[in-house]
Structures are given as structure tokens and as C-alpha cells.
Amino acid sequence: EHLEVILANMTFYAFEAGETIVAQGSAGKHFFIVQDGVLEVSVNGKPTNTLLPGSSFGTVALLYSCPRTATVKAQAPSKVWGADCETLRNVLLQE
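Note that this is a predicted model, so its numbers are computed, not measured. Numbering of residues starts from 1 in every chain and runs along the sequence as written. Predicted model: local features are reported for residues with pLDDT of at least 70 only, side-chain atom pairs are reported and counted for 80 or more only, and whole-chain, interface and lining totals are derived from all residues. Just so you know, side-chain values use all the structure's heavy atoms and leave hydrogens and water out.

Colleague: Is there a simple way to explain the overall build of the chain in this structure?
Modeller: Broken down by element type, the chain carries three helices and eight strands. Reading the chain from its N end, one meets helices and strands in the order α-β-β-β-β-β-β-α-β-β-α. Taken over C-alpha atoms, the radius of gyration is set against a globule rule of 2.2 Å times the number of residues to the power 0.38. Over its C-alpha trace the chain gives a radius of gyration of 13 Å, about what one expects of a compact globule, namely 12 Å for 95 residues. If you line up the chain on its principal axes, its C-alpha atoms span 40 × 25 × 15 Å. A simple rule labels every residue: compare its accessible area, found with a 1.4 Å probe on the protein chains alone, to the largest value its type can have, and call it buried under 20%, exposed over 50%, or partly exposed in between. Residues classed as buried in the chain amount to 33% of the 95 residues present. Counted over contacts in the chain with a minimum sequence separation of 6, partners at least 24 positions apart contribute 74%. Residue burial considers only the protein chains on display, and all accessible areas are found by Shrake-Rupley using a 1.4 Å probe. Surface exposure of the chain reaches about 5800 Å², of which carbon and sulfur atoms provide 55%. His is not counted, nor are the chain ends; Lys and Arg add positive charge and Asp and Glu add negative charge. For the purpose of locating charges, the reference atoms are NZ of Lys, CZ of Arg, CG of Asp and CD of Glu. Each charge class in the chain can be summarised by its mean position, and for the 6 positive and 9 negative side chains these summaries are 12 Å apart. Counting from the N terminus, the helices are DSSP H or I runs at least four residues long and the strands are E runs at least two residues long. Contacts: residue pairs with any heavy atoms within 4.5 Å of one another.

Colleague: Explain the packing of aromatic side chains here, please?
Modeller: Geometry of an aromatic ring pair is reported as the spacing of the ring centres plus the angle between the planes. Centres within 6.5 Å are what make two rings of Phe, Tyr or Trp a pair, Trp counting through its six-membered ring; a difference in plane orientation under 30 degrees is then read as stacked, over 60 as edge-to-face, and the rest as tilted. Counted under the stated rule, the structure contains four aromatic pairs. Through pairs of rings, three or more aromatic residues link up here, namely Tyr13, Phe15, Phe32 and Phe57.

Colleague: Whenever I open this one, the nonpolar core confuses me. Can you help?
Modeller: Counting residues in hydrophobic clusters, the biggest one holds 13 residues, and the most contacted among them are Ile21, Leu39, Leu51, Phe57 and Val72. In this structure, valine 72 is in contact with Glu19, Thr20, Ile21, Val22, Leu39, Glu40, Val41, Leu51 and Phe57, ignoring residues within four places of it in sequence. Here, nonpolar core refers to any group of buried Ala, Val, Leu, Ile, Met, Phe, Trp, Tyr and Cys residues whose side-chain atoms link them within 4.5 Å.

Colleague: Would you mind going over unusual backbone geometry with me for this structure?
Modeller: Glycine aside, negative phi is the norm for most residues, and most peptide bonds take the trans geometry. Here the phi dihedral of asparagine 44 falls at roughly 55°; this positive angle occurs in a residue that is not glycine. Looking at the secondary structure, you find asparagine 44 in the loop between strand S4 (39-43) and strand S5 (46-51). For asparagine 44, a relative accessible area of 62% translates into the label exposed.

Colleague: Honestly, the pairing of S5 in this entry has me stumped. Any pointers?
Modeller: Looking down a regular strand, the side chains alternate between one sheet face and the other. We treat two strands as partners when DSSP finds at least two bridges between them. Where S4 meets S5, five bridges bridge the pair, whose relative direction is antiparallel. When the sheet's bridge partners are listed, valine 43 is paired in S5 with lysine 46. Counted along the chain from S4 to the antiparallel partner S5, the turn is two residues long, and its residue asparagine 44 has a positive phi close to 55°.

As C-alpha cells, this is what we get:
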């Protein structure tokens, strides 16, 4: 039931190569799951990880109400699904 609520409220996003999806230091408002593409994660401008389809990102800022800890950029045309923080919080509070 909780998963259905999250899935029903997810938004689809498409990014071109080089586009920033989230920027380090910005407010976190979404949790993301990669559907297609290749994403680069960097901290303080240094690449630290590569995200492929099935990967997720964006949880730290939502769980701890802190700024984004990394920048995520599309390395190739990419598609991601995002769930907003209000939906995730409401589901978690129902537990």
C-alpha cells in the first residue's frame, strides 16, 4: 500500500547530457530513481560515483533535512523518476 502511494506520486524527468539534476548545497526536495542513462556523482567538483539504471539518489537531504551532499549530472541523455519529500514523509509517518 505504501509503495503504491509513492509510485502514484512520482514524476518523470528527462535530462540531456551535461545537465545538472541536483546541485551540492541546494535544498533536497526529491528522491530519484534512474530509469535510463548514466549519471555522474561529484563532491566538491570531484567525481565520486557513477549511477546506472536502477540506482537511486537524494535520500540523505530528505532524511536529515540538510542541503544536498553531492552534485548529480547526466553524462548521457537520462531519464529519472522523482518522489517529492512530502509524499515520502507522509508514508513514513504512517508507519
